[in-house]
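Each chain, written out:
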Amino acid sequence: MDIIIHQTYLPQDDPEAALAFYRDALGFEVRNDVGYNGLRWITVGPVGQPISIVLHPPAADPGITDDERRTITEMMAKGTYASINLATEDLDGVFETLQASDIAEVVQEPTEQPYGVRDCAFRDPAGNMVRIKQLR
């Protein structure tokens, strides 16, 4: 089989803050930006790579109940709703760039983990956990 990951989804509740983090701080390119009924779906991804992240309004699905919307909002505020793992050859440089941007909350500085990886963690403006691993 020849299957690749094409898109993954992360919620965002502030499109401009999401762009500031993913485009401006991480350097991802914006591939699409679609508005509908006052909401925005923004597709970003690393330059030169086929994978995309769709930053979407978290409760736009009409099948979600008001109770579910409240739960989603609460989980996003705690940082327990969604996450993504990224990787880089320059973990310290990426960490410094993100920390200096004041856009994301530092959760963990670069650390050698007991399970064999060196990584750091941030919460993006919507509360998503973004872990970044050192490529070796």
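Conventions used here
Residues numbered from 1 in each chain as written. Predicted model: local features only at pLDDT ≥ 70, side-chain atom pairs only at ≥ 80, totals over all residues. Heavy atoms only, no water. Pairing = 2+ DSSP bridges. Helix = DSSP H or I, 4+ residues; strand = E, 2+ residues; numbered from the N terminus. Phe/Tyr/Trp six-rings, centres within 6.5 Å; stacked < 30°, edge-to-face > 60°. Buried < 20%, exposed > 50% of the residue type's maximum accessible area, 1.4 Å probe, protein only. Expected span 1.5 Å × (residues − 1).

**As for the pairing of strand S2 (residues 29-36)**
Reasoning step 1: Of the pairings in the sheet, the one linking S2 to strand S3 (residues 39-45) comprises seven bridges and is antiparallel in character. Residue pairing across strands places Asn32 opposite Thr43, the latter belonging to S3.
Reasoning step 2: Here S2 folds back onto S3, and the loop between the two strands holds two residues, one of which, Asn37, carries a positive phi near 55°.

**Description of the packing of aromatic side chains**
Reasoning step 1: Following the criterion strictly, the structure yields three aromatic pairs and no others.
Reasoning step 2: Taken together, a centroid distance of 4.7 Å and an interplanar angle of 85° make the contact between Phe21 and Tyr22 edge-to-face. Exposure class is identical for Phe21 and Tyr22. Each is buried.
Reasoning step 3: Both rings, one in Tyr22 and one in Phe28, keep their centres 6.4 Å apart while their planes meet at 35°; by these two values the pair is tilted.
Reasoning step 4: On the accessibility criterion, Phe28 (11% relative accessible area) is buried.
Reasoning step 5: In textbook terms, an aromatic cluster arises when at least three aromatic residues are bridged by ring pairs, as seen for Phe21, Tyr22 and Phe28.

**As for helix H2 (residues 66-78)**
Reasoning step 1: Between its first and last C-alpha, H2 extends 19 Å over 13 residues, near the 18 Å set by a 1.5 Å rise per residue.
Reasoning step 2: Of the residues one or two after H2, Gly79 is the one with positive phi, at around 80°.

**A few points about unusual backbone geometry**
Reasoning step 1: You will see that Asn37, though not glycine, has its phi angle at about 55°, which is positive.
Reasoning step 2: For Asn37, the location among the structural elements is in the loop between S2 and S3.
Reasoning step 3: Overall, the relative accessible area of 65% leaves Asn37 in the exposed class.
Reasoning step 4: One non-glycine residue, Asp102, lies in positive phi territory at about 55°.
Reasoning step 5: Its place among the elements puts Asp102 in the loop between helix H3 (91-101) and strand S6 (105-112).
Reasoning step 6: Classification of Asp102 as exposed rests on a relative accessible area of 70%.

Geometric values such as these leave the question of function open.
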